[in-house]
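Listed here are the chains, written in short residue letters.
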Amino acid sequence: MTRQLIESSSAERRRRILVVDDSESNRTILVRWFQLRGFEAQEADSGVRALELVEAGGFDVVLLDVMMPEMNGMEVLRRIRERHSLATLPVIMVTGKTETENVVEALSADANDYITKPVDLEIALARVHTQIRRKNAEEAVRRANDDLERQLHGSRGNSANSQHDLLADISHEIRTPLNGVVSVASLLAGTELQPAQREMVNIIEHSAATLEQLLTDLLDAAKADSGELGVRTESFALAEALECVVALWAAKAREKGVACTLQLHPETHRNVLGDVVRLKQILNNLLSNAVKFTEAGSVTVSLERTGDRCRFTVADTGIGFGPAVKDRLFKRFEQADGSISERFGGTGLGLAISRELARLMGGELDCTSVEGDGAVFSLELPLPLASEEAANAAPADAGFRQGCTPRRTCRVLLAEDHPVNRKVVELMLQGSECDLTCVENGAEAFDLFRRSSFDVVLMDVQMPVMDGLTAIQMIRGWEAEQGRSATPILVLTAHSLPEHARASLAAGANGHLSKPINAPELLSTLAAWTGVSWPAAFNKVA
């Protein structure tokens, strides 16, 4: 459904691009180039004229020269971003200066991308298309948010079911193409790239990660409404979990020149009992906001322990907020003010879901702040120390792994109807000791499974001819008839709600992996269920 929304808007009209440059020859070349490729191109010879045209509206992207008389491109960009209705308009800076500080200045001023002169027309076209696709995807999610909000304020009797069904459809339609974007970008990032190429890959990864987070927030909201936002208790290394989360955001903070540090006391280097996945989810949300809203200074994460209770603190030196907006921060679809989503993105769901998770785990999430002087978010949770037996306990599937006989070559059957997703898995397994066979539907998978021998099956759910769950049931029935041991079957699908995972397991699958998936996750899961080790592949994607 969402994919159709994105593509239909493109088919309804030609994309409009504004080329801003004081050089007539540069404008002529760029305008003609984009016109020949189906764009409706308009030009402006000054910053003042550019603002007039942009304010009239209707442009999908702007190519903006940096060096112009009277009003340069940076000032034009600043004025565009000040206007609420133009805050999300994609702007690509065109500059003859290639020094790092000039590029950083442009991106820090909220430019979406940059191109250096002399302009490579093919690269310019590719970057324009990338920004348009990104904006279309964000608008599709925002429209979905609007639909959900109307449902929440409409009939309370049917709103939960309608929201649930809508989110399931949106999740599947967006996650399918997103799997190709995230997975291929991750693989590309692991190759040797030129600095400019690596920057382009980083932009793709960042945009995809933002979109995936939007989906996660929406789905967690649906789980909360249906009472399925659950938590579990297991032993985990508390300090290791914290270090993992902080390391991720410290790298992003360094890109902005912001320090991100972790303060731990010696007694926190112990295993505790709790839900490590949900803890990381809350801390990721808090750190994401702290880094996002801090342009200078620092973000500090600290942990204090009193008895069985832990107090996590995330303090930043960012924009802060006044007391009037504190309560709104923890309400769904609410942010500090109306311009926050346009300037920084987000659904306004993260903090609301984080507080619900904290309460489900028997804790509390709160905050204090002074407008213009940073914010402090505090999370208190009961996390009792794990016994030595629990700390050393084997994973639930350890028996299955130990029963596997290690092989040098692993025979994998993939059932997937989408050609991009088949290619993604092929690229992920490239270089591993793996023999991959691909089919396009469940019927072909069942037929080939009976005629050949495989170590593991990767099964999509939504396929023509025969769906994946039916194919799994038929494989399990045939294995039982033949007296064969069960072959590991892992569902690899864009269906990611809790009921989807339960349906997969009920059909006879051993695991349920939601798209988008990255190479380390896929390889480690295959290794766990087959007993096969692929060090070469792990080194490649590390």
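Refer to the structure presented above.
Residues numbered from 1 in each chain as written. Predicted model: local features only at pLDDT ≥ 70, side-chain atom pairs only at ≥ 80, totals over all residues. Heavy atoms only, no water.

Caption draft 1: Expanded view of the overall build of the protein. Per the secondary structure count, the protein includes 21 helices and 17 strands. Going through the 542 residues of the protein one by one, you find that 47% of them count as buried. Carbon and sulfur atoms make up 50% of the accessible area of the protein, which totals about 25,500 Å². (Helix = DSSP H or I, 4+ residues; strand = E, 2+ residues; numbered from the N terminus. Buried < 20%, exposed > 50% of the residue type's maximum accessible area, 1.4 Å probe, protein only. Areas by Shrake-Rupley, 256 points an atom, 1.4 Å probe, with all protein chains shown as cover.)

Caption draft 2: Representation of the pattern of salt bridges. All told, the structure shown has 21 salt bridges when counted by the stated rule. A salt bridge links D60 to R15, with the nearest nitrogen and oxygen atoms 3.0 Å apart. Of the two residues, D60 sits in the loop between helix 3 (47–56) and strand 3 (61–65) while R15 sits in the loop between helix 1 (2–12) and strand 1 (16–20), which places them 45 residues apart along the sequence. You'll find D60 and R15 in the same group, each marked buried. In this structure, E75 engages R79 in a salt bridge whose closest nitrogen and oxygen atoms are separated by 2.9 Å. With E75 and R79 both in helix 4 (residues 73–82) and 4 residues apart, this pair spans about one turn of that helix. Residue E75 is classed as partly exposed on the basis of its relative accessible area, which comes to 24%. (Salt bridge = Lys/Arg side-chain N within 4 Å of Asp/Glu carboxyl O.)

Caption draft 3: Region of the structure containing the side chain of H512. Locating H512 in the fold gives a position in strand 17 (residues 511–514). Within the structure, H512 has its side chain in polar contact with the side chain of S504 (distance 2.7 Å). (Polar contact = N/O pair within 3.5 Å; in protein donor to acceptor, adjacent residues only side chain to side chain.)

Caption draft 4: Seen up close, the nonpolar core. Residues L238, L287, F312, F377 and L379 are the most contacted members of the largest nonpolar core, which totals 42 residues. Elements supplying a minimum of two residues to this core: helix 9 (238–255), helix 10 (276–292), strand 9 (298–306), strand 10 (309–316), helix 13 (350–360), strand 11 (364–369) and strand 12 (375–382). For F312, the contacting residues outside a window of four places in its chain are L238, L242, L279, L283, S302, L303, F377, S378, L379, L381 and L383. By size, the runner-up hydrophobic cluster in this structure holds 24 residues, among which are L64, V66, M93 and Y114. (Core = buried A, V, L, I, M, F, W, Y, C linked by side-chain atoms within 4.5 Å. Contact = heavy atoms within 4.5 Å.)

Caption draft 5: Here's a closer look at the sheet that holds strand 17. What the 5 strands build is an open sheet, ordered 14-13-15-16-17; its pairing is parallel. On the outer flanks of this sheet lie strand 14 (434–439) and strand 17, each paired with one strand and no other. Sheet twist, expressed as the average angle between the axes of neighbouring strands with direction ignored, equals 20°. Examined bridge by bridge, strand 13 (residues 410–415) and strand 15 (residues 456–459) share 4 bridges and lie parallel to one another. (Pairing = 2+ DSSP bridges. Axes fitted to C-alpha atoms, helices over the stretch in contact; angles between N-to-C directions.)

Caption draft 6: Broad picture of the environment of L383. If you trace the backbone, L383 turns up in the loop between strand 12 and helix 14 (388–391). Exposure remark for L383: the relative accessible area of 3% places this residue in the buried category. Sequence spacing of L383 and V272 is 111 residues, and the spatial spacing of their C-alpha atoms is 5.8 Å. If we skip the residues at most four places from it in the chain, L383 touches L238, V272, L273, G274, R305, D308, C310 and F312.

Caption draft 7: Geometry of helix 13. Of all the 11 residues making up helix 13, 8 are buried; the element is thus mostly covered by neighbouring parts of the structure. At the C-terminal side of helix 13, G362 shows a positive phi close to 85°.

Caption draft 8: Representation of the environment of E388 within the structure. Within the secondary structure, E388 sits in helix 14. Using a relative accessible area of 60% as the deciding quantity, one classes E388 as exposed. Remark: the alpha-carbon pair of E388 and N271, spanning 117 residues in sequence, is separated by 8.6 Å.

Caption draft 9: The arrangement of unusual backbone geometry in detail. Cis geometry marks the peptide bond from K117 to P118; its omega dihedral reads -5°. A positive phi angle is found at E70, which is not glycine, with a value near 65°. Backbone geometry places V465, a non-glycine residue, at a positive phi of 70°. Inspection of the secondary structure puts V465 in the loop between strand 15 and helix 18 (468–482).

Caption draft 10: Structural view of the pairing of strand 9. Direction of pairing for strand 7 (residues 259–263) relative to strand 9: parallel, over a ladder of 5 bridges. Looking across to strand 9, one finds that Q263 is bridged to S302. Sheet topology places strand 9 next to strand 10; 8 bridges connect them, and they run antiparallel. Bridge pairing in strand 10 links V299 to D316. Once strand 9 ends, the chain turns through 2 residues before running back antiparallel as strand 10, passing G307 with a positive phi of about 65°.

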